[in-house]
Amino acid sequence: MDIPYTVEVRRDTGLTNGKIGIWLFLASEVMLFGALFASYILIRTGAPSWPRGDTILNVPLATFNTIVLIASSVTMVMAWASLMRRRFGTFRIYMGATILLGFVFLVVKYFEYSHKFHDGLFPSTSNFLAIYFTLTGLHMLHVIGGMVVNAYFWGPGAKLWKTNPEWFTNRVEHSGLFWHFVDLVWIFLFPTLYLL
Amino acid sequence: MEATPGDHAVDIDRHVRVYITVFVALMVLTIVTVAISRLHLSVPVAVTFALLVAIIKGSLVACYFMHLISEKKLIYAVLILTAAFFVALLALPVVTHSNGFWIHE
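Residues numbered from 1 in each chain as written. Chains lettered and ligands numbered in written order. Predicted model: local features only at pLDDT ≥ 70, side-chain atom pairs only at ≥ 80, totals over all residues. Heavy atoms only, no water.

A. Here's a closer look at the packing of aromatic side chains. Residues and elements named next belong to chain A. Summed over the entire model, instances satisfying the criterion amount to 23 aromatic pairs over all chains. On the numbers, 5.5 Å between centres and 35° between planes, the contact of F88 with F91 is tilted. In this pair, F88 and F91 are both assigned in helix α3 (residues 88-118), three residues apart and thus about one turn of the helix distant. Residue F88 is classed as partly exposed on the basis of its relative accessible area of 21%. With a centroid separation of 5.0 Å and an interplanar angle of 65°, the aromatic rings of Y132 and F133 are classed as edge-to-face. Here Y132 matches F133 in class, with each residue buried. Over the aromatic face of W167 sits the side chain of R171, whose NZ or CZ is 5.4 Å from the ring centroid. (Phe/Tyr/Trp six-rings, centres within 6.5 Å; stacked < 30°, edge-to-face > 60°. Helix = DSSP H or I, 4+ residues; strand = E, 2+ residues; numbered from the N terminus. Buried < 20%, exposed > 50% of the residue type's maximum accessible area, 1.4 Å probe, protein only. Lys NZ or Arg CZ within 6 Å of the ring centre and 35° of its normal.)

In structure tokens:
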């Protein structure tokens, strides 16, 4: 049995099921990160003193990672645009670049984390570091999740392009929506944790 | 935005130009974010500026990369509901904090 409304839109919603599904999922993600941001506000405003992020964290590395993640959002949307232009080879290049940029982000984060651990700074050290590791750790898991899905579409999942290009294009768009959301979360995490 | 591959080549070319413009704007705003933090402003002013720039950057990503600028009404309805719950969630620490609206010590 075929999955309904993967390409044609439902008359009642005007959307494919995949599109409404990914947006509902992203809505739940907003609440997940929202709960952690609310916790951060509560802990910070309740603390007698709070360190500036740049006195503990590495701002140049985080700035570099911000640029990397924004660039990966551009390559992701260009991957989708390539499919819309029916250029599968170009899609592969842009999607490969997106995965590579995600990997660069993780490598930089690895150096950041290992430097903290080397200096004896752990989540149990202070409330600031507990919040820092929780928020960036959860965000990092999202980056890994997005990379796994993108790698699937770059590799074995790309077979769908031959049989049903419209469905494949929609799936890449939905995967892109998740990736842009991950970028969007980082845009707020960066100033909140590193600069204030 | 539900589109079909190959059907709107001219539209996609226009989109690509917008993506590049947004990318440049996001880079500039990232530099602005870091530059503002170097000014060592008071915490309330620094938070205001940092959040303002982050909201502008986030809006650019959501509107253009996530195509929210031309989405269907149902998506907007879902997001309005999400935004309402998100604001309530962020307001909870304020209203339940000691000496806030609900809890008095």
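B. Just the nonpolar core, in detail. One finds F168(A), V172(A), L193(A), Y194(A) and M66(B) to be the most contacted residues of the largest nonpolar core, which totals 80 residues. At 16 residues, the largest contribution of residues to this core is made by helix α6 (residues 165-195) of chain A. Beyond its immediate sequence surroundings of up to four residues, M66(B) is in contact with W23(A), L26(A), L177(A), H180(A), F181(A), L184(A) and V61(B). (Core = buried A, V, L, I, M, F, W, Y, C linked by side-chain atoms within 4.5 Å. Contact = heavy atoms within 4.5 Å.)

C. View of the interface of chain A and chain B. Taken together, the contact between chain A and chain B spans 55 residues of the former and 46 residues of the latter. Carbon and sulfur atoms supply 79% of the area buried between chain A and chain B, which totals about 4500 Å² over both sides. Connecting chain A to chain B are two salt bridges. The partner of D13(B) in a salt bridge is R85(A), and the shortest N-O contact between them spans 2.4 Å. Seen at the junction of chain A and chain B, the total is four residue pairs in polar contact (both at pLDDT 80 or more). Sorting the residues of the side of chain A that touches chain B by element identifies α1 (17-46), α2 (59-84) and α6 of chain A as the ones contributing at least two each. (Buried area = accessible area lost by both parts, 1.4 Å probe. Salt bridge = Lys/Arg side-chain N within 4 Å of Asp/Glu carboxyl O. Polar contact = N/O pair within 3.5 Å; in protein donor to acceptor, adjacent residues only side chain to side chain.)

D. How the structure looks around the side chain of H180(A). Position of H180(A) relative to the elements: it lies in helix α6. Overall, H180(A) belongs to the buried group, its relative accessible area being 2%. In contact with H180(A), not counting residues within four places along its chain, are S73(A), M76(A), V77(A), V61(B), F65(B) and M66(B).

E. Quick peek at the packing of helix α4 (residues 127-154) of chain A against α6(A). Residues and elements named next belong to chain A. With their axes 10 Å apart at the nearest point, α4 and α6 run at an angle of 160° to one another. For the element pair α4 / α6, the angle class is roughly antiparallel. Considering the relative orientation of α4 and α6, their crossing is left-handed. Counted by class, the contact of α4 with α6 contains 18 nonpolar, seven polar and one charged residues. (Axes fitted to C-alpha atoms, helices over the stretch in contact; angles between N-to-C directions. Parallel < 35°, antiparallel > 145°, perpendicular 65-115°, else oblique. Left-handed = near helix turned anticlockwise from the far one by under 90°. Nonpolar A, V, L, I, M, F, W, Y, C, P; charged D, E, K, R; others polar.)

F. Molecular detail of a nonpolar patch on the surface. There is a patch of nonpolar side chains on the surface, built from L39(B), L41(B), V45(B), F49(B), L52(B) and I56(B) and spanning about 510 Å² of accessible area. If you trace the backbone, L39(B) turns up in the loop between α1 (9-38) and α2 (43-65). (Patch = residues over 30% accessible without salt bridge, like charges linked within 9 Å, V, L, I, M, F, W, Y side chains within 5 Å. Areas by Shrake-Rupley, 256 points an atom, 1.4 Å probe, with all protein chains shown as cover.)

G. Structural view of the environment of F181(A). Mapped onto the secondary structure, F181(A) falls in helix α6. A residue is classified by how much of its surface remains accessible, and F181(A), at 7% relative accessible area, is buried. When the C-alpha positions of F181(A) and L160(A) are compared, they lie 25 Å apart, and in sequence the two are 21 residues distant. Among residues more than four places away in sequence, those in contact with F181(A) are L26(A), E29(A), V30(A), F33(A) and M66(B).

H. Inspection of the side chain of T33(B) at higher detail. Summarising the element assignment, T33(B) is placed in helix α1. For T33(B), a relative accessible area of 7% translates into the label buried. A distance of 2.7 Å separates the side chain of T33(B) from the backbone oxygen of L29(B), its partner in a polar contact. Non-local contacts of T33(B), meaning those with residues more than four positions away in its chain, are made with F190(A), P191(A), L195(A), V53(B) and K57(B).

Function cannot be inferred from these measures alone, as they are strictly geometric.
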